[in-house]
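# Coordinates in review
So you can see what is in the structure, the chains are spelled out below.
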Amino acid sequence: MSNEKTTIIQPEDTDKQYNTLNLGPTHPATHGIFQNILKMDGETVMDAEQTIGYIHRAFEKLAEHRPYYQVTPLTDRLNYCSAPINNFGWYLTVEKLLGLTTSKRIDYMRVIIMELARITDHIICNSVVGVDSGALTGFTYLFQMRELVYEIYEEISGARLTTNMGRIGGFERDFSKIAYKKINEFLKKFPKVLLQFENLLMRNRIFMDRTIQVGSIAPDRALNYGFTGPNLRAAGVDFDIRVSDPYCSYQDFEFDIPVGTQGDTYDRFCVRDAEMWESLKIIKQALENIPEGKYYMDEPGIYLPPKDKVYSQMEALIWHFKIVMGEAGYPPGELYHSVEGANGELGFYLISDGGRTPYRLHFRRPCFIYYQAFPEMIKGGVLSDAILTMSSMNVIAGELDA
Amino acid sequence: MDYAFVLSQLNEVFPMAIKESFGSYGCETMVVEKEKIRDIALHLRDKLGFVFLTDLCGVHYPDSDLPFAVVYHFHNLEASLRFRLKVFLTAEPFVETLSDIYLAANWMERETFDFYGIDFQGHPNLIRILNVEYLDYFPMRKEYPLEDPTRADKDDRFFGR
């Protein structure tokens, strides 16, 4: 035996024990193009930093160079999982600028579509939470239902994902008989499937163990971080713009605001799930009470004239041209209008100088603001919990980067 | 609580700080001295219940004496009251940060810096957020064209762009 002592070399700096892990930018678990640089101690996340902007498309700069009509396709591409909400939010902003009050029929039609869009958005978020916790089956059930909603969009606007639906001052056409049939078919089929999905996950021991007390946030922190939508309500704050600042006749409908208590992944899942049932309630009420009337406001100079007149009458052609080119005369003004998007308060801050394009248009994108809290929510947890937290926050890359 | 109460309270605590107050489209707006913005935000959050910073963004008015503005939207959830607060800045724009008062302001200030070059003094990590790091201009300023103006293959003059 030699007398050599074995020495264990201690690292001088404890920081060197940590590993750096890049989660993203194109990782299947991020569900979008954004990067998280995680500082790991074994499986435990010690710190995180987000890098975003990979699909920045300069929408605010583009909007300053486009007539009001041409801004709508930009809003489609913010939260593309619920594009009609963005479209109608933008129309409502412009209608507020113009001082235009839409008729009940238009409001109700919009409400039906917006609630369908909310359901599709929550379908994506909740089923993906299931996938990330290892339960793929629920995803396959629910995604068939999303397909039915996209067929409704297709019937109404001709498009499926980026809908560009409706117009300033109404819709481009009335709901057809087929559209009503498809909506009713969805209302009949969806509750059964949603119930099946709930049975798979809601009281599933594995799912509950994976999600309860994972990625939780306290209500005061959530407010300070600018949380809105289901994420804020999961933390226990009953703030919903549909109720606090009703737009588009939401005051006519009876519905509850589901709230959570812990602000964790399970609560976010449950709040989204309950919101789908509330959305179904709203759609049913809107379908029952939808009044007869025109699907557009009779405001020449704001609403596009019918196509057959554009082809046959000179005045209609002139109006069509002026509206599309932004020469219809928008008053100068400055306003902020927000709608309850599927993942939070979607706001449009618009400054008009009376020109053909907005002078300044700022989108308040909910997930850009609440994604800041992500490092705080995952610190001390394990990597697989971080991924679940991220998917339950419903971060949509298109909205994050505008 | 209504806007008149907030305005009178702020006028009492910060005399002369509020330069202007007007309403437009159902949202009251006040223009304040930029030196007072931190104190006003603290007072709004702690004394008047405006715990929520809805939005923060920049605006560029190239023809004005004070060409930059930072626009804040505050929200009191309990009273369901929103209002807008503006500070106007010189051509070398800087203003104190609110990122420690409202954590939500952190990225919004970075975004405003990224696009308008407004320096938020005291911000912990004021670097570009959406654009690439090596960009050497601030793209949302009005003097920067949307597209490369030397392109000969594209003529969009007639389409409002």
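Residues numbered from 1 in each chain as written. Chains lettered and ligands numbered in written order. Predicted model: local features only at pLDDT ≥ 70, side-chain atom pairs only at ≥ 80, totals over all residues.

When helices and strands are counted, chain A shows 17 helices and 6 strands. What you see for chain A is a C-alpha radius of gyration of 24 Å, in line with the 21 Å of a compact globule of 402 residues. Relative to its 402 residues, chain A shows a buried fraction of 51%. Look at the contacts in chain A between residues 6 or more apart in sequence, and 70% of them connect residues 24 or more apart. (Helix = DSSP H or I, 4+ residues; strand = E, 2+ residues; numbered from the N terminus. Rg over C-alpha atoms; globule rule 2.2 N^0.38 Å. Buried ≥ 20, exposed ≤ 12 C-beta atoms within 10 Å, placed from the backbone. Contact = placed C-beta atoms within 7 Å.)

Turning next to the overall build of chain B. Across its full length, chain B holds 3 helices and 7 strands. Projected onto its principal axes, the C-alpha positions of chain B cover 60 × 35 × 30 Å. Per-residue burial for chain B yields a buried fraction of 36% across its 161 residues. Across chain B, contacts joining residues at least 24 apart in sequence account for 50% of those joining residues at least 6 apart.

Take the packing of helix H11 (residues 265-289) of chain A against helix H16 (residues 383-393) of chain A next. Residues and elements named next belong to chain A. Between H11 and H16, whose axes approach to 9 Å, the crossing angle comes to 25°. Looking at the two axes, H11 sits roughly parallel to H16. The hand of the H11/H16 crossing is left-handed. Two secondary-structure elements touch here, H11 through Thr-265, Arg-268 and Phe-269 and H16 through Leu-388, Thr-389 and Ser-392. (Axes fitted to C-alpha atoms, helices over the stretch in contact; angles between N-to-C directions. Parallel < 35°, antiparallel > 145°, perpendicular 65-115°, else oblique. Left-handed = near helix turned anticlockwise from the far one by under 90°.)

On to the nonpolar core, then. Residues and elements named next belong to chain A. Of all hydrophobic cores here, the largest spans 154 residues; its most connected members are Ile-112 and Leu-400. The element that contributes the greatest number of residues to this core is helix H4 (residues 104-132), accounting for 15 residues. Excluding residues that lie within four positions of it along the chain, Leu-400 makes contacts with Phe-34, Ile-52, Arg-365, Cys-367, Phe-368, Tyr-371 and Val-395. (Core = buried A, V, L, I, M, F, W, Y, C linked by C-beta atoms within 7 Å.)

Attention now goes to unusual backbone geometry. All names here are of chain A. With phi around 60°, Ala-58 is a residue other than glycine that occupies positive phi space. Assignment of secondary structure puts Ala-58 in the loop between strand E3 (44-51) and helix H1 (59-63). With phi around 40°, Ala-402 is a residue other than glycine that occupies positive phi space. As for its placement among the helices and strands, Ala-402 is situated in the segment after helix H17 (397-401).

Taken together, the 36 residues of chain A in the interface contact 29 residues of chain B. Elements represented by at least two residues in the side of chain A that touches chain B include exactly H1, helix H8 (219-224), strand E4 (333-341), strand E5 (344-352), strand E6 (360-364) and helix H14 (366-370) of chain A. Looking at side-chain class alone, the side of chain A that touches chain B contains 14 nonpolar, 12 polar and 10 charged residues. (Nonpolar A, V, L, I, M, F, W, Y, C, P; charged D, E, K, R; others polar.)

Among the secondary structure elements, Thr-120 of chain A is positioned in helix H4. Separated by 265 residues in the primary sequence, Thr-120 of chain A and Asp-385 of chain A have C-alpha atoms spaced 24 Å apart.

All names here are of chain A. Spatial ordering of the open sheet is given by E1-E2-E3, a layout of 3 strands whose pairing is antiparallel. Edge positions in the open sheet fall to strand E1 (19-23) and E3, since each of these has one partner strand only. Ignoring strand direction, the axes of neighbouring strands in this sheet form an average angle of 25°. Bridge analysis of strand E2 (residues 35-41) against E3 gives 7 bridges, and the strand direction is antiparallel. The residue of E3 that forms the bridge with Asp-41 is Thr-44. (Pairing = 2+ DSSP bridges.)

Sheet strands pair by backbone hydrogen bonding; their relative direction is either parallel or antiparallel. All names here are of chain A. Read from one edge of the open sheet, 3 strands run E4-E5-E6, paired in antiparallel fashion. Of all strands in the sheet, those bounded by a partner on one side alone are E4 and E6. Geometrically, the sheet is characterised by an average inter-axis angle of 10° between neighbouring strands, direction not taken into account. With 9 bridges joining them, E4 and E5 adopt antiparallel strand pairing. The residue bridging Gly-333 from the neighbouring strand is Ser-352, located in E5.

Taking 1.5 Å as the rise per residue, helix H3 (residues 105-116) of chain B with 12 residues should run 16 Å; its terminal C-alpha atoms sit 16 Å apart, in good agreement. Across the 12 residues that make up H3 of chain B, a large majority, 12, are buried. Buried residues of H3 of chain B: Ala-105, Asn-106, Trp-107, Met-108, Glu-109, Arg-110, Glu-111, Thr-112, Phe-113, Asp-114, Phe-115 and Tyr-116 of chain B, and no others. Check the buried side of H3 of chain B and you find it contacts H14 of chain A together with strand E3 (52-60), strand E4 (68-76) and strand E7 (119-121) of chain B. The positive-phi residue at the C-terminal boundary of H3 of chain B is Gly-117 of chain B, with phi of around 70°. (Expected span 1.5 Å × (residues − 1).)

This part takes up the pairing of E3 of chain B. Residues and elements named next belong to chain B. Of all 9 residues that make up E3, 9 are buried, and the element is covered over most of its length. Pairing between E3 and E4: 8 bridges, direction antiparallel. Note that in E4 the partner of Cys-57 across the bridge is Val-71.

Turning our attention to helix H3 (residues 83-98) of chain A. All names here are of chain A. Here H3 contains 16 residues, and its C-alpha end-to-end distance of 23 Å stays within 8% of the 22 Å for a straight helix at 1.5 Å per residue. In terms of residue burial, H3 counts as a mostly covered element, since 15 of its 16 residues are buried. At the C-terminal side of H3, Gly-99 shows a positive phi close to 70°.

Below, the discussion takes up the environment of His-31 of chain A. Residues and elements named next belong to chain A. Secondary-structure assignment places His-31 in the loop between E1 and E2. Taking C-alpha positions, His-31 is 9.1 Å from Met-390, a pair spaced 359 residues apart along the chain. In this structure, His-31 is in contact with Val-128 and Ser-391, ignoring residues within four places of it in sequence.

The predicted coordinates ought not to be read in detail in places where the model reports low pLDDT. In this model, chain B carries a mean pLDDT of 90, and residues with pLDDT of at least 70 account for 93%. Reported confidences for the modelled complex are a pTM of 0.92 and an ipTM of 0.92. (pLDDT = per-residue confidence, 0-100.)

Here the focus is the packing of helix H6 (residues 177-201) of chain A against H11 of chain A. Residues and elements named next belong to chain A. As a packed pair, H6 and H11 sit with axes 11 Å apart at the nearest point and diverge in direction by 160°. In this view, H6 runs roughly antiparallel relative to H11, as classed from their interaxial angle. As H6 packs across H11, the resulting crossing turns out to be left-handed. Facing H6, whose interface residues are Ile-183, Leu-187, Phe-190, Pro-191, Leu-194 and Glu-198, H11 presents Asp-273, Met-276, Leu-280, Ile-283, Lys-284 and Leu-287. In the contact of H6 with H11, the residues fall into 9 nonpolar, no polar and 3 charged.

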